[in-house]
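The primary structure of each chain is shown beneath.
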Amino acid sequence: MLSSSRFIVAVHAMSVLARFAGKGPVCSALVAESVHTNPVVIRRLMTELERANLVKSVAGRSGGFELNREASTISLADVYHAVED
């Protein structure tokens, strides 16, 4: 059993990014709205996913997050290892 919902939220967030792939960066507020959580929670998870080279951040007014590689090459294990201890 999972000790937290971090993995579930991270998978959901990654699926939102995959849905918008090729359409520009997705802001944390949009991802947070989809997951029903706070944008700060999403930004913290995205930092961990970025450290694992799964996503990249785009700075600026129209910035946000994008997948760092094709969604089909990212496994659930990759996401799990990025956000769980």
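See above for the structure.
Residues numbered from 1 in each chain as written. Predicted model: local features only at pLDDT ≥ 70, side-chain atom pairs only at ≥ 80, totals over all residues. Heavy atoms only, no water.

### Notes on the packing of helix α3 (residues 39–51) against helix α4 (residues 76–83)
Each pair of packed helices can be described by the angle between their axes along with the distance between the axes.
Link 1 in the chain: Relative to each other, α3 and α4 sit at 115°, their axes nearing to 8 Å. As summarised for this structure, α3 and α4 are arranged roughly perpendicular, according to the angle between their axes. Pair α3 / α4 crosses with right-handed handedness. On α4, the residues touching Leu45, Glu48 and Leu49 of α3 are Val79, Ala82 and Val83.
Link 2 in the chain: The residue inventory of the contact of α3 with α4, partitioned by class, reads five nonpolar, no polar and one charged. (Axes fitted to C-alpha atoms, helices over the stretch in contact; angles between N-to-C directions. Helix = DSSP H or I, 4+ residues; strand = E, 2+ residues; numbered from the N terminus. Parallel < 35°, antiparallel > 145°, perpendicular 65-115°, else oblique. Left-handed = near helix turned anticlockwise from the far one by under 90°. Contact = heavy atoms within 4.5 Å. Nonpolar A, V, L, I, M, F, W, Y, C, P; charged D, E, K, R; others polar.)

### Looking at the packing of aromatic side chains
Link 1 in the chain: Scanning the model with the defined rule gives one aromatic pair in all.
Link 2 in the chain: Look at phenylalanine 7 and tyrosine 80: their rings are 5.5 Å apart centre to centre, the planes differ by 75°, and that puts the pair in the edge-to-face class. With phenylalanine 7 in helix α1 (residues 6–19) and tyrosine 80 in helix α4, this pair connects stretches of sequence that are 73 residues apart.
Link 3 in the chain: For phenylalanine 7, a relative accessible area of 15% corresponds to the buried category. (Phe/Tyr/Trp six-rings, centres within 6.5 Å; stacked < 30°, edge-to-face > 60°. Buried < 20%, exposed > 50% of the residue type's maximum accessible area, 1.4 Å probe, protein only.)

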